[in-house]
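Listed here are the chains, written in short residue letters.
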Amino acid sequence: MSRIVYVNGAYVPEEEAKVSVFDRGFLFADGVYEVTSVLEGRLLDFEGHMRRLRRSLAELDMAAPASDEELLEIHRELVRRNGVEEGLVYLQVTRGAADRDFVYPAGVAPTLVMFTQEKQIVESPAAERGIRVISIPDERWGRRDIKTVQLLYPSMGKMMAKAAGADDAWMVEEGFVTEGTSNNAYIVKGGRIITRHLGNEILHGITRAAVLRLAREAQMEVEERPFTIEEAQGADEAFITSATTFVQPVVAIDDVEIGGGRPGPIARRLREIYVEEARRNAV
Ligand code: PDD
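Residues numbered from 1 in each chain as written. Predicted model: local features only at pLDDT ≥ 70, side-chain atom pairs only at ≥ 80, totals over all residues. Heavy atoms only, no water.

**Considerations on the environment of G25**
Note on placement: G25 falls in helix α1 (residues 24-28). Sequence spacing of G25 and Q150 is 125 residues, and the spatial spacing of their C-alpha atoms is 9.1 Å. Ignoring any residue separated from it by four or fewer positions in sequence, one finds G25 in contact with D30 and T94. (Helix = DSSP H or I, 4+ residues; strand = E, 2+ residues; numbered from the N terminus. Contact = heavy atoms within 4.5 Å.)

Given below as structure tokens:
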């Protein structure tokens, strides 16, 4: 069955969903996006995703395509029309279609595209067994705090991981881990959760913010600072977070096993409390 997709004000079957070849998202990767998870037909951390979308748009002087209330309505309508119980809603805003020119065009309406994808996210074999990551140099641009659609390097990183028989890659810059190809990276040592501090070098994960808040509420110690691959390999546990993976244990880094190659108790506990809280606050 074909999905119903949202394109610039219209709900259309996916085969009919079209944007211009002059769209700056296509020509310049001049666009930003958000991925919001859906559980029991409701949206997780919706407010956080909308807040970050506003920030990404503002950083690029890009017009907002709709209000948060309108965007919530469209998210809900897409979930309803496609009967999604579990999965995600993808949202992309671009600067719109204009003659090709490096200078931002004036007076152009932004393009707004949204679609759903069904996916099992709570019951996860990867969360049960943990994932294996490799380290690769971080060769992305410098404004990773803006959630742009230029995802080629992360995509190359996933392919490097796949070629090495691993699940994902952690990127390293100036000797320190920045983040995973599409997730934030953490280690645990002596009960203390360590993750890189916020800055332009990483995406400010919405799941990261929620997980750190919940960890602190549960009296766990959190340290926001850079760490190296060597430190991570000597840690008690490691894990990643993102909207669609929640908290997922990492059991090996460059083939060095962490915590005996099995998911650790802190990652497991954080996953439980995150899912519980996200479910409770879903809209
Ligand atoms: N990726 N870092 C990067 C580079 C990411 O692409 C993502 C999200 C995250 C985690 O952010 P959040 O917790 O807000 O999902 C960190 C999304 C899920 C994706 O591109 O599919």
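**Side note on the site of the ligand**
Surveying the vicinity of the ligand reveals 19 residues, the closest of which are Y33, E179, I206, T207 and A243. A distance of 3.4 Å is found between a nitrogen atom of the ligand and a side-chain nitrogen or oxygen belonging to K147. In this structure, an oxygen atom belonging to the ligand sits 2.8 Å away from a main-chain N or O atom of I206. In isolation the ligand has 480 Å² of accessible area, and contact with the protein removes 89% of it. Those elements that provide at least two residues to the shell around the ligand are β3 (31-39), α2 (46-59), β9 (176-180), α6 (206-217) and β13 (237-242). Tallied by class, the residues present in the shell around the ligand amount to five nonpolar, ten polar and four charged. (Near = heavy atom within 4 Å. Polar contact = N/O pair within 3.5 Å; in protein donor to acceptor, adjacent residues only side chain to side chain. Areas by Shrake-Rupley, 256 points an atom, 1.4 Å probe, with all protein chains shown as cover. Nonpolar A, V, L, I, M, F, W, Y, C, P; charged D, E, K, R; others polar.)

**Section: helix α5 (residues 152-163)**
Between its terminal C-alpha atoms α5 stretches 16 Å, which fits the 16 Å expected from twelve residues at 1.5 Å a residue. Buried within α5 we find Y153, P154, G157 and A161. With its buried residues spanning 100° around the axis, α5 presents them on a single face. Exposed positions of α5 whose direction lies more than 90 degrees from the buried face are L152, M159, K162 and A163. The inward-facing, buried residues of α5 contact β7 (131-137) and β8 (168-173). (Expected span 1.5 Å × (residues − 1). Buried < 20%, exposed > 50% of the residue type's maximum accessible area, 1.4 Å probe, protein only. Arc of directions from axis to C-beta.)

**Quick look at the packing of α2 against helix α3 (residues 68-81)**
The contact between α2 and α3 brings their axes to 11 Å, and the two run at 125°. In terms of orientation, α2 lies oblique with respect to α3. Handedness of the crossing formed by α2 with α3: right-handed. Only D68, L71, L72 and H75 of α3 make contact with α2, whose side of the interface consists of F46, M50, L53 and R54. (Axes fitted to C-alpha atoms, helices over the stretch in contact; angles between N-to-C directions. Parallel < 35°, antiparallel > 145°, perpendicular 65-115°, else oblique. Left-handed = near helix turned anticlockwise from the far one by under 90°.)

**A short note on the sheet that holds β3**
Sheet architecture is open: six strands sit in the order β2-β1-β6-β5-β3-β4, paired in antiparallel fashion. Edge positions in the open sheet fall to β2 (10-13) and β4 (42-43), since each of these has one partner strand only. In terms of strand pairing, β3 meets strand β5 (residues 86-94) through nine bridges, oriented antiparallel. Residue pairing for β5: Y33 is matched across the bridge by Q92. Here α2 sits on the sheet and contacts β3, β4 and β5; the angle it forms with β3, its principal contact strand, is near 180°. On the sheet, α3 packs against β1 (4-7), β2, β3, β4, β5 and β6 (111-118) and is oriented at approximately 40° with respect to β6. (Pairing = 2+ DSSP bridges.)

**Some thoughts on the packing of aromatic side chains**
One pass over the structure, following the stated rule, counts seven aromatic pairs. A ring pair is formed by Y33 and Y90, whose centres lie 5.6 Å apart and whose planes are at 25°; its orientation type is stacked. Taken together, the residues span a long stretch of sequence, with Y33 in strand β3 and Y90 in strand β5 at a distance of 57 residues. According to the relative accessible area criterion, Y33 is buried, its value standing at 11%. Aromatic side chains Y90 and F115 sit 4.8 Å apart centroid to centroid with 20° between the ring planes, which places their arrangement in the stacked category. (Phe/Tyr/Trp six-rings, centres within 6.5 Å; stacked < 30°, edge-to-face > 60°.)

**Remarks on the domain arrangement of the protein**
Under the domain assignment used here, the protein contains domain 1 (4-118) and domain 2 (125-281). Computed over C-alpha atoms, the centres of domain 1 and domain 2 are 26 Å apart. Surface buried jointly by domain 1 and domain 2 totals about 1900 Å² across both partners, of which 59% is contributed by carbon and sulfur atoms. On the domain 1 side of the contact with domain 2, Y33, D45 and R52 bury the most area, a combined 30% of that side's loss. At the boundary of domain 1 with domain 2, the tally comes to three salt bridges. R279 is the salt-bridge partner of E40, the closest N and O atoms lying 2.4 Å from each other. (Domains from an automatic or database assignment. Buried area = accessible area lost by both parts, 1.4 Å probe. Salt bridge = Lys/Arg side-chain N within 4 Å of Asp/Glu carboxyl O.)

**Observations regarding the nonpolar core**
Of all hydrophobic cores here, the largest spans 25 residues; its most connected members are I193, F239, F246, L270 and Y274. Among the elements that line this core, the one with the most residues is helix α8 (residues 265-280), at seven residues. If we ignore the near neighbours within four places in the chain, the residues touching Y274 are D45, T207, A210, V211, L214 and F246. (Core = buried A, V, L, I, M, F, W, Y, C linked by side-chain atoms within 4.5 Å.)

**Digging into the side chain of T94**
Mapped onto the elements, T94 comes out in strand β5. Take T94: its relative accessible area is 3%, and that puts it in the buried class. For T94, the side chain forms a polar contact with the side chain of D23, separated by 2.7 Å. Excluding anything up to four places from it in sequence, T94 contacts D23, G25, D30, G31, M62, P110 and T111.

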